Amino acid sequence: MGKSYDRIDGRLRTFIEAQPIFFTATAPLAGDGHVNLSPKGRIGTLAVLDELTLAYLDFGGSHAETIAHLRENGRITLMWCAFTGPPTVVRVHGRGEPVFRDDPRFAGLLTHFAPEADGAGLRAIVLVRAERISDSCGFAVPFLEYREERSLHADHFGRKSEQEFADYCAGKEYVGVSVDGLPGLPLPLPPRP
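Here is a short report on the structure shown in this document. Since we're looking at a predicted model, the values are computed, not measured.

**Remarks on the side chain of Arg101**
Okay, step 1: Summarising the element assignment, Arg101 is placed in the loop between β7 (88-100) and α3 (106-110).
Okay, step 2: With a relative accessible area of 3%, Arg101 lands in the buried category.
Okay, step 3: Only 2.8 Å separates the side chain of Arg101 from the backbone oxygen of Leu122, close enough to count as a polar contact.
Okay, step 4: At 2.4 Å, the side chain of Arg101 and the side chain of Glu162 are in polar contact.
Okay, step 5: Residue contacts for Arg101: discarding those within four places in its chain leaves Phe106, Leu122, Arg123, Glu162, Phe165, Leu189, Pro190, Pro191, Arg192 and Pro193.

**Remarks on helix α2 (residues 65-72)**
Okay, step 1: Burial runs high along α2: six of the eight residues are buried.
Okay, step 2: Buried within α2 we find Glu65, Thr66, Ile67, Ala68, His69 and Leu70.
Okay, step 3: Immediately beyond the C-terminal end of α2, within one or two residues, lies Gly74, with a positive phi of roughly 75°.

**Regarding the pattern of salt bridges**
Okay, step 1: Tallied over the full model, the rule gives nine salt bridges.
Okay, step 2: Between Arg129 and Asp50 there is a salt bridge whose closest N-O contact spans 3.9 Å. Of this pair, Arg129 sits in strand β8 (residues 122-137) while Asp50 sits in strand β4 (residues 46-50), and the two are 79 residues apart along the sequence.
Okay, step 3: For Arg129, a relative accessible area of 43% translates into the label partly exposed.
Okay, step 4: Residues joined by salt bridges that share partners form a network here, namely Glu97, Asp103 and Arg105.

**Comments concerning the pairing of strand β2 (residues 22-26)**
Okay, step 1: A large share of β2 lies buried, amounting to four of its five residues.
Okay, step 2: Taken together, the five bridges between β2 and strand β3 (residues 36-40) define a ladder with antiparallel strand orientation. The residue of β3 that forms the bridge with Phe22 is Lys40.
Okay, step 3: Here β2 pairs with strand β6 (residues 75-81) via three bridges, running antiparallel. Paired with Phe23 across the bridge in β6 is Met79.

Basis of the calculations
Residues numbered from 1 in each chain as written. Predicted model: local features only at pLDDT ≥ 70, side-chain atom pairs only at ≥ 80, totals over all residues. Heavy atoms only, no water. Helix = DSSP H or I, 4+ residues; strand = E, 2+ residues; numbered from the N terminus. Buried < 20%, exposed > 50% of the residue type's maximum accessible area, 1.4 Å probe, protein only. Polar contact = N/O pair within 3.5 Å; in protein donor to acceptor, adjacent residues only side chain to side chain. Contact = heavy atoms within 4.5 Å. Salt bridge = Lys/Arg side-chain N within 4 Å of Asp/Glu carboxyl O. Pairing = 2+ DSSP bridges.

What follows is the structure, encoded as structure tokens:
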């Protein structure tokens, strides 16, 4: 039976921090807009900042739908599934905001992540303030074995200079503007602090 929680601590925090993957879901306000669901990986790119606040590193390589939706309405859900151990699904429904590279908070927020988690292709840090925290059974979630991280993303963007990455962002469809025409990543991409 699922339960709701007042905060992310103890068992919940341990569970969240142990998962190698999580998912983000956002949507625009328009009823005919596109709902976005994204997997997030890369070890160490999620941080529980306090009992109600999480942050994750947002990298280039895909569209900027999550950023666009957060800029428009701030709604976001994060979800973790147990692919090993007891069957559990945890969701954090909340309000999020992208913190861009030229935001004075950016450098300070980066200190919450392991140095090796930061890397080439970093566009923003997404802050999430929890409004509802709950778990449910994961009886239908299959057992899956985690083998290792994929290095393709880090390797690909690691070969680009900062200018090449900025040019990449500027030239990629649905980065500056979402598929629904909402403002996405500010372009030109601000330099890293």
